[in-house]
Each structure stands twice: as structure tokens, then as C-alpha cells.
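# A structural walkthrough
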Amino acid sequence: MKIVYQNVIWLVLFAAYNYISLAQDPPIEFDIAAFFHEENSQARVAFETAITKMSTMQQTFSFNARSHVIPEGDTFASNNLLCNLMASGNGLGGVICPGGPKVAAIMESTCRNLEIPAVDINWRPSASFMNESVAINFYPYPKLLFQGLGVIAKNLQWRSMVIFYENTENLIALQDVLKIQNYDGTKYNSIIVKELGPGPDYRSALKQIQNKSEHRIVVDCKTEHIIDILSQAKELKLLEPHFSYFLTSLDAHTVDLSVLDTYANITTVRIINPESEHFQYVLSRWKQYADGHGITDVDLDQYSIKTETALMHDAVDMFTRAVRDLNVRKRIEPTVLDCQNSSVKWERGFDIVAFMMERGYESETSSSITGPIRFDSMGRRLNFTIYVVDGNRDDLIAKWNPDDPKVVQFLKSEEDRNKALEKKWSQGTVIVASIIGPPYLRVKKPAEDGQVLEGDDRYEGFSMDLIRALAHELGIKFRFEVLESGARGVYDKKTKSWNGLIREILDRRADLAICDLTITPERREVVDFSTPFMRLGISILYKKADAKAADMYAFLDPFSLDLWVYSATLFLAITVVFYFVTRLSPDDWENPHPCDEEPEELENIWDLKNCLWLTLGSIMNQGCDLIPKGISSRMAAAMWWFFAIIVTNSYMANLAAFLTNERSQGSINSAEDLAKQTKIKYGTMDGGSTQIFFRDSNYSLYQRMWTSMEQSKPTVFEKSNDDGVARVQNTKNRLFAFLMESATLEYQIQTKCDLKQVGNWLDSKSYGIAMPLDFPHRSRINEALLKLQENGKINELKDIWWKKKRDSPLCPKSSDEGPSNKLALQNVGGVFLVLGVGIGLAYLVAIFEFLWNVRNVSVEEHISFKEALKVELLFALNIWVTKKRVKPQISESSSSSQSSGGESRSMAHSILHGAGSFLRLDVLSKAGTPGSRHTSRPID
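Bear in mind the structure is a predicted one, so any value in this text is a computation, not a measurement.

The next thing to look at is the confidence of the model for the chain. In this model, the chain carries an average pLDDT of 82, and 85% of its residues clear a pLDDT of 70 or more. Note on residues 815–819: pLDDT is under 50 here. Beyond four places in sequence and across chains, it has 5 contacts. In this model, residues 893–933 is a region of pLDDT below 50 whose contacts with residues beyond four sequence positions or in other chains number 32 contacts.

What follows is the structure in C-alpha cells.
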């Protein structure tokens, strides 16, 4: 408000001054000439309106508009007209140079010679500036303007672009755009520069990028050619929704782009703001002037005002104000001059221009409609604002000015910009490219026979459900396009081109691509990827070993049948040999009664039973409580022990190895195991990211594996993952392993129970959604993916398509587990059987001994077998008794039978005693003597 009051006071003072001056002197006639190429134009209306306004606002000067139409390019006639105006009437106080660069240069030179202020409002590439000149240009200083265009182009964040220019002279305007090197540390892939040609047919130039992957285009051309160029681009399908254009013309806002009917993103720039109140006020004065003078063929719509028109208003307004204000210091009055006599000059020309350079329009509330104005010492405009517009009308998104040259000030919040993108995106249909490959996408089976599925209803899978969830979050429509080749995207160095889904994105036949598409550095150079929706790594698919029938007698495997027979035979033979050695050895005959120093008989404890016990205890590593004492018998025992320890430990070692081999079914447990051997072949999917990983790896292990795969005959590279899985299953003797991504591997082993995953991941990678470079909706897609990850939707979809929606039943959980380190019953069942049989046999022998003892008791005690059995059985079942009488307690009723029993005993004893041999093997020779259990002999 303070500034407004100051302006009002200033106007009142000048009005009073003019009134006093008018009372004293008539107004000074001050002619200002302007040259145009059309009879009626916006610039002429603006020129004459500004002159009329200033003439009515003060009384000191009578500003006269000298508007003249000159032929374009006729420098001679134009200069003659200028000289005639200088030499006639009151002379000229200032000249507004025309738009033609050649004519403007001649007129400026003439004005400089006579020191007449020359005001320019157009960019002239070859214009020269100098100190203490009478020339001043209201058009933005080209160096700063081009710098602004470069900064704006850089903030568009296009990693590659095509620049179309109309002529070589205008290419200068793009010098800062061409200097762009990187943003966010990422080097630009390419900047292609193409000349549009003279026109009006620009198709030949546009066709040069029709088959390229570029969809970010900068167009520098005349404003009147914009519609023709973009219309022809639309014919060539270069104006699809995924294309982005940057128009450098400052008058692009005057073109009605709605006639193109496109959803392509078009960005324009301008240095005026048609939405400002001051612009609306000036526009209303122009319309009023045009109506008052019958000018009906000039378009004065809000968005039709050209930059030249706005600069004309600012130039005349500032020039006339400078003349008026400078006149206060010293009277200003034009002089008649002669172009042929350059010695006579107008002395106030330099003063006016210098005053304008010094003063400028620094305030936003000034009369300027192109913003604050400031000049340097050479008359170049340094202060202006470039407005960045989405489209070309009222969608103002950012601005730039030279005061902060490295920053683009956004006028809309990121949320507002995203809403604008959402609105534009929701109006079209997003094309999603994919390939058939369960569980990501598969052909859907009709629910009923004869049902015909159409469109996206033909397919189902993880990819379809994920895109459907994203579409719901983003509010968009989508359509799947399935690529029959099944290729994901590989770069061919010979043809220098990509195939598969990446090709679809580069050729703009699809907006998005989704499947098990791995994010790799090579692919990221040509397309963008979303936030990863799945993380994984390369793993090894291998076939499980065929299950073997349980062998209860596996404990016999460490020795062959021959060895078992030889060992058993040797055991019996050594027992017999040891028996004879001990009988022959004198040291093994001992005094049975140590207290009797001169015994009549010696005793030998080594009968066959004890010999068997010694040899058996030795081979079982249990030892024996009986020890031989003779030299020969000890030598024999030592040799048997040596044999026993070797055989027993060999058996134990082999038994452990056999049991371990049974449990350890697989011979491959890691990539190192694969690389170390040559018997088992291994391969990858041809053209996939796994193949590229091994091909480009610098790790020595993976290099060896790649060399092995490359040299394998037949080839180990399969066309698809399904082919690789089938090869693993069908190769005999488990001689093939397949390297594939863990997510797909996990899907396969859920129902293929004969397969397993071996080892850990060899690397870490991710699946993402591919999209064109600098895709404007990438951030929104990423936000939606993160939201789906946070709420567990992606994990839910994976669980559905990996486990629930399977045509084949899932493998039991036990089949997913690795081999156990614990022995099962079937591994050692034979040992239990041997134990059971041995205990059973021992029990039978015990029964036989018991019955034999009962028989002896009945004989010795002269009782019946039944009575002796009853007595012995009752005693055996009395588990609390631990001591036994030598003679059992017999009842009196059985005494009558003792005599007959005695006769029987005497007869048995006589028979056994007479059966002794020369070796005195009569073990029972003293059966009638209780406690006699050893062999004895008399001492001579």
C-alpha cells in the first residue's frame, strides 16, 4: 500500500507540474517511430495504446505514434523511410526497431550514428552490444534466456532426448540444453540432434526417430509451425500418451494445442503471465483502443498475446516515462537530423538510454507486464521470469529467473502435480506387456464348456493380480498384451538392439512390462524399473536321489559274505586250536588247592566253553576274566587279539561310512561342488538374466562355470525355465543341474517332489515392473507398490499362486526337508533282530540247562522228575531269595524213591566214567562230587 500511495503522490505532483507548465508553455511534440510488417497487428495496437495513454497522463509532452508498415527484408527502403522521418517535422525522439534482423540492424546502425535511442524488442542472433550505446533491448539477454532453458530441461529429468531445430541460427538457443551432462549422478544416455528442414512437410525428419526408443523430444521452431509439426508427429504415432515434448518458443502459449486431441505431455515456456491482474488491465485497454479505432482483425484473446506485444508495451511505457522524468532535470526536445550528415547528433539520446538503464523496473507492481526490468551497461535485459507451463495455457507449474540461476521454483506442490498426472493418466488405457509363464501369467481355463473368454479374462496369474491391485490403487484402466516370443529382453551386440519385453517398451507398444523380469544394469540403461516387488537370487535345481528300500541287515554290508564266513570259521578254528595249546602248555595246569603244597592232581580251566568265551570276548572288544598263563597260550591269545582289533575297527569304520552314504543322498551341495567336477552338467535359460550373470561375472568361480557351460556339447542352455526343469527330471543318473532364479525354483519344487534346491543364493536380485525412461507416473507406481508390500498384499498373492492355485497337489512337508542326520530304525533294524534272536536263543539254552539240572537233582536226590521240577521251579520264581542250598529240601513223602534213584545214579556214573579218552575229556568224571567243574590230572 505504501508503494501505491507513493505512486499516487508522484502522479499528483506531476499533474500539478504539467498544469503549471501548460499555463506557461505548449507541450513538446515528441515523435516515436515504430515499424511493422503488417497493417494491423497486436504489437501496433500495444504501441499506439501506450503512446496514447502517456500523452493523456501528462501535459509536458505530446507523444506522437509514427506507425509505418515496411516490407520484410527490404533494408534499403526501410532505412530511407527512417531517414525521411528524422529529417521531417520535429524529428524523431526514439525508434522501435522492427522484427526482421537485417532491417533492425540497419536501423540501429543509423540511430547509433545520429544518437537517436533505438529500442529493440526481439532476439537478434547476430546483434552486437557495446558500452555507451543508444541501443537498448527489452528482449531477455539471450545468454541468460538460454541458460534458463537449459536448467528447465535439466529439471525435466530426461536421461535421453531428441532435439529438433528449424534452422542452424536458432540452434544457438539450445546451447545450454546440449551441455547437459547428468542429473542425480546419472549420465545421459544420448542427446540426438535433428534438423526439421524448411517444411511444411516435416515427416522425413520425424521418421528418423520413429523406430528409436526416444520419446522425450525438444522442439525449437517458429510458433506458427508448432501445430504442423505436432500434427505430423501424431500421424507417425509420435504423440502417444507416453511421449513428452518441450517447446522452447516463448509464444507457444498462443497455439491451441487442444486441436491435437492428445494425452502426450507437452511443456511450454513464456515470460508473461496472462493470469495476472495487471496483464488483464492492460489487455482491456488494448481491446478498448482497438474497438475505438475499428480494428477488428487483431486477436486480443488472453492467451493469444505474443511476447513481442507485451515487450512493445513495456518498452514504450518505460521509454516515455524516462523522457518525462528526465525532462525535469533538463529540457528534452527532438531535433531534425540528416542521415547524410553524421556530425550533427541529438545530444539527449545517450541521456535517455542511460537513464533507462539506471532506473529500470525493479518492482513487481510496476507498469511492466513482463515483470521487473533491469539492464546492464550494454543495454541487455538482465531481469525476467520464465514461466513453465504444463500444456500451453493456465496450468502454471514452475518459474525460473536469473537471480537464482540453478534453481527452478515449483509453483505446485508435489501432491498437486501428482493429482494432475493422475487425472491425465486415468483418461487413457495403460498397455501392459507380459509373457506366458506360470505362476506369473497363464492361460485361464473356462469355467464352463463352450465359454469363450475375451480380453484380459483370457489370462490369470500373479502378474495379472498385481497389476489389478495397482490399477485399483492408482485409479487407472489397463490392458494386457502377451508377447508370443516369450523373450524377456536381451541385447544383441551384433544388431545393437533389444528383443522381448524390453523391445516393447522401447518401441512404445507398451507402457509397462511385468513378469519374472529381473532388474539388471544393462536393462536400466534403456528402461526404468519400479520398486522391486520380489527379491530373489540364483539357485541350483537338482534331482533328489531315488529312495532305496530299507535294509534291516545293512550292518552286514561292511564285510562281504566271504569275509563273514572266513571270520566265523576262523573263530571256531582258533577256539579249538587254543583249547589244544592250553592242554599242551604245562603252565596252564594249576594246583586247585593253593594251601596244599603237594597236591595229588593239577587242574586246567581251559575247557572248550572257556576257550569259546575268550575268543568271543576278544573279538567283541569286551575281554575275558580268564587269562592264559603259558607262553604258548599267551602267544596264541595275543595273535588272536591283534587280529580281532584290526577286524573289529575295520568293521566299525566301514559301518559308519555305509550308514553315512545311505543318509547322504546328494553329491552336489553348492556351486563349488558343481565347478569342481565334470560329470554332472549344468546350464541356464538362454537369454535370461541368469545367463548374463555368469557371462559378465568377474568372480573366478563363476567364470569357470560359464566356460564349462559354453563349451558343453550338447548345449546346456534351454529355451525356457520349464524346459530346464524337464531336463533335470528326465536326465538319467542325476547328471544335470539347472541354475535358475529362486522364486521360480520355489514354484517348481512345490509340486515336483523329485526336485530340490541345492545350496544358497549365488547372488541377490529383484523383479520389477519395466517402464519407459523418465516415465512420469513412476513415483506413483512405486508408492502403490510400497503400500501393497506394507499391507501384505504381495505376499498374499505369492502364497495364492505358489501354493493354493496349483493344478497338481503340493508335496508333503517331509519332502521339502533335507536329509536327516539321525539313524532310523530301518538303518539298524537288523541289529535289533540279532539281539532278539540271541536273547531268545540264550533263553532256550537257559531252559535246557534248567531242565537238565532238574534231571540231575531228581537223580541225585532219588526223587521223581516232576517233584524235582516243582521244587526247582518254585525256587526260581522266588525272586527275593539270592542263596541256594547245595541239596534241595525234599519232603518225606519222596524218601521211598531214594533207593531206586541211587541205583540209577550209580549206573549213570559208571557209564560216564568209562567214556574217558587218553586226553581225559571226562568233564563229568566227578559228577557225583558237588562243585567239581574243571579237568584235573594226577601228579606222578
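Here the focus is the packing of helix 16 (residues 561–584) against helix 17 (residues 608–619). Running from N to C, helix 16 and helix 17 cross one another at 125°; their axes reach a closest spacing of 9 Å. By the angle between their directions, the pair helix 16 and helix 17 is classed as oblique. As for the relative orientation of helix 16 and helix 17, their crossing is right-handed in sense. When helix 16 is examined against helix 17, the residues Phe571, Ile574, Thr575, Phe578, Tyr579 and Thr582 are found in contact with a partner set consisting of Leu608, Cys611, Leu612, Leu614, Thr615 and Leu616. Considered class by class, the residues forming the contact of helix 16 with helix 17 number 9 nonpolar, 3 polar and no charged.

Turning next to the state of the cysteines. Inspection of every chain in the model, using the stated rule, returns 2 disulfides. Here Cys83 pairs with Cys339 through a disulfide, and the sulfurs are 2.1 Å apart. One quick way to see it: the torsion about the S-S bond of Cys83 and Cys339 is about -110°, and its sign makes the bridge left-handed. With Cys83 in helix 3 (residues 75–87) and Cys339 in the loop between helix 10 (307–326) and helix 11 (349–359), the pair connects residues that are 256 residues apart, well separated along the chain. Classification of Cys339 as partly exposed rests on a relative accessible area of 22%.

Here we take up the sheet that holds strand 4 (residues 118–120). Pairing is parallel across the open sheet formed by 6 strands, whose spatial order is 2-1-3-4-5-13. Either end of the sheet is taken by a strand with one partner, and the two such strands are strand 2 (61–69) and strand 13 (380–381). Sheet analysis places strand 1 (residues 28–36) next to strand 3 (residues 94–96), joined by 3 bridges and oriented parallel. The residue of strand 3 that forms the bridge with Ala33 is Val95. Contacting strand 1 and strand 5 (135–140), helix 11 runs over the sheet at an angle of about 35° to strand 5.

For the rest of this paragraph, the subject is helix 11. Along helix 11, the positions that sit buried rather than exposed are Gly349, Ile352, Val353, Phe355, Met356 and Met357. Residues of helix 11 that are buried make contact with strand 1, strand 5 and helix 10. Residue Gly360 follows helix 11 closely and has a positive phi angle near 65°.

The next thing to look at is the side chain of Arg324. Examined against the element boundaries, Arg324 turns out to sit in helix 10. Of note is the side chain of Arg324, whose polar atom sits 3.0 Å from the side chain of Asp325.

The next subject is the side chain of Arg381. Checked against the element boundaries, Arg381 lands in strand 13. No salt bridge is formed by the buried Arg381. Its closest oppositely charged neighbour is Asp314, at 4.9 Å. Among the polar contacts listed, one links the side chain of Arg381 to the backbone oxygen of Pro372, at a separation of 3.4 Å.

The full count for this structure, using the stated rule, is 27 salt bridges. A salt bridge links Asp31 to Arg66; the shortest N-O distance between them is 3.2 Å. One end of the pair, Asp31, is in strand 1; the other, Arg66, is in strand 2, and 35 residues separate them in sequence. Using a relative accessible area of 5% as the deciding quantity, one classes Asp31 as buried. Linked through salt bridges whose partners overlap, the residues forming this network are Glu39, Arg44 and Glu48.

Summed over the entire model, instances satisfying the criterion amount to 31 aromatic pairs. Relative to Phe61, the ring of Phe30 lies with its centre 5.8 Å away and its plane at 90°, an arrangement referred to as edge-to-face. Pair noted here: Phe30 is in strand 1 and Phe61 is in strand 2, with a separation of 31 residues, a long-range link. Neither residue differs from the other here; Phe30 and Phe61 are each classed as buried.

If a strand is regular, its side chains alternate between the two faces of the sheet. Extensive coverage of strand 30 (residues 736–741) is indicated by the burial of 6 of its 6 residues. Note: strand 26 (residues 538–543) against strand 30, 4 bridges, orientation antiparallel. Its bridge partner being in strand 30, Leu541 is matched across the sheet by Phe738. Across 3 bridges, the pairing between strand 29 (residues 681–683) and strand 30 is parallel. Looking at the pairing, Lys681 lines up with Phe736 of strand 30.

Glancing now at the pairing of strand 10 (residues 216–220). The element strand 10 is largely enclosed, with a buried count of 5 among its 5 residues. Side chains Arg216, Val218 and Asp220 of strand 10 all project onto a buried face; the interleaved residues Ile217 and Val219 project onto the opposite face, where all are buried too. When strand 6 (residues 160–165) meets strand 10, the two strands line up parallel, connected through 4 bridges. Counted as the bridge partner of Tyr165 is Asp220 from strand 10. Pairing between strand 10 and strand 11 (residues 244–247): 4 bridges, direction parallel. By the bridge assignment, Val219 is partnered in strand 11 with Leu247. Read from strand 10 through helix 8 (residues 226–235) to strand 11, the crossover connection turns out right-handed.

What counts and what doesn't
- Residues numbered from 1 in each chain as written.
- Predicted model: local features only at pLDDT ≥ 70, side-chain atom pairs only at ≥ 80, totals over all residues.
- Heavy atoms only, no water.
- pLDDT = per-residue confidence, 0-100.
- Contact = heavy atoms within 4.5 Å.
- Axes fitted to C-alpha atoms, helices over the stretch in contact; angles between N-to-C directions.
- Helix = DSSP H or I, 4+ residues; strand = E, 2+ residues; numbered from the N terminus.
- Parallel < 35°, antiparallel > 145°, perpendicular 65-115°, else oblique.
- Left-handed = near helix turned anticlockwise from the far one by under 90°.
- Nonpolar A, V, L, I, M, F, W, Y, C, P; charged D, E, K, R; others polar.
- Disulfide = S-S within 2.5 Å.
- Buried < 20%, exposed > 50% of the residue type's maximum accessible area, 1.4 Å probe, protein only.
- Pairing = 2+ DSSP bridges.
- Polar contact = N/O pair within 3.5 Å; in protein donor to acceptor, adjacent residues only side chain to side chain.
- Lys, Arg positive; Asp, Glu negative; His and termini not counted.
- Salt bridge = Lys/Arg side-chain N within 4 Å of Asp/Glu carboxyl O.
- Phe/Tyr/Trp six-rings, centres within 6.5 Å; stacked < 30°, edge-to-face > 60°.
- Right-handed = clockwise from strand over helix to strand, strands pointing away.

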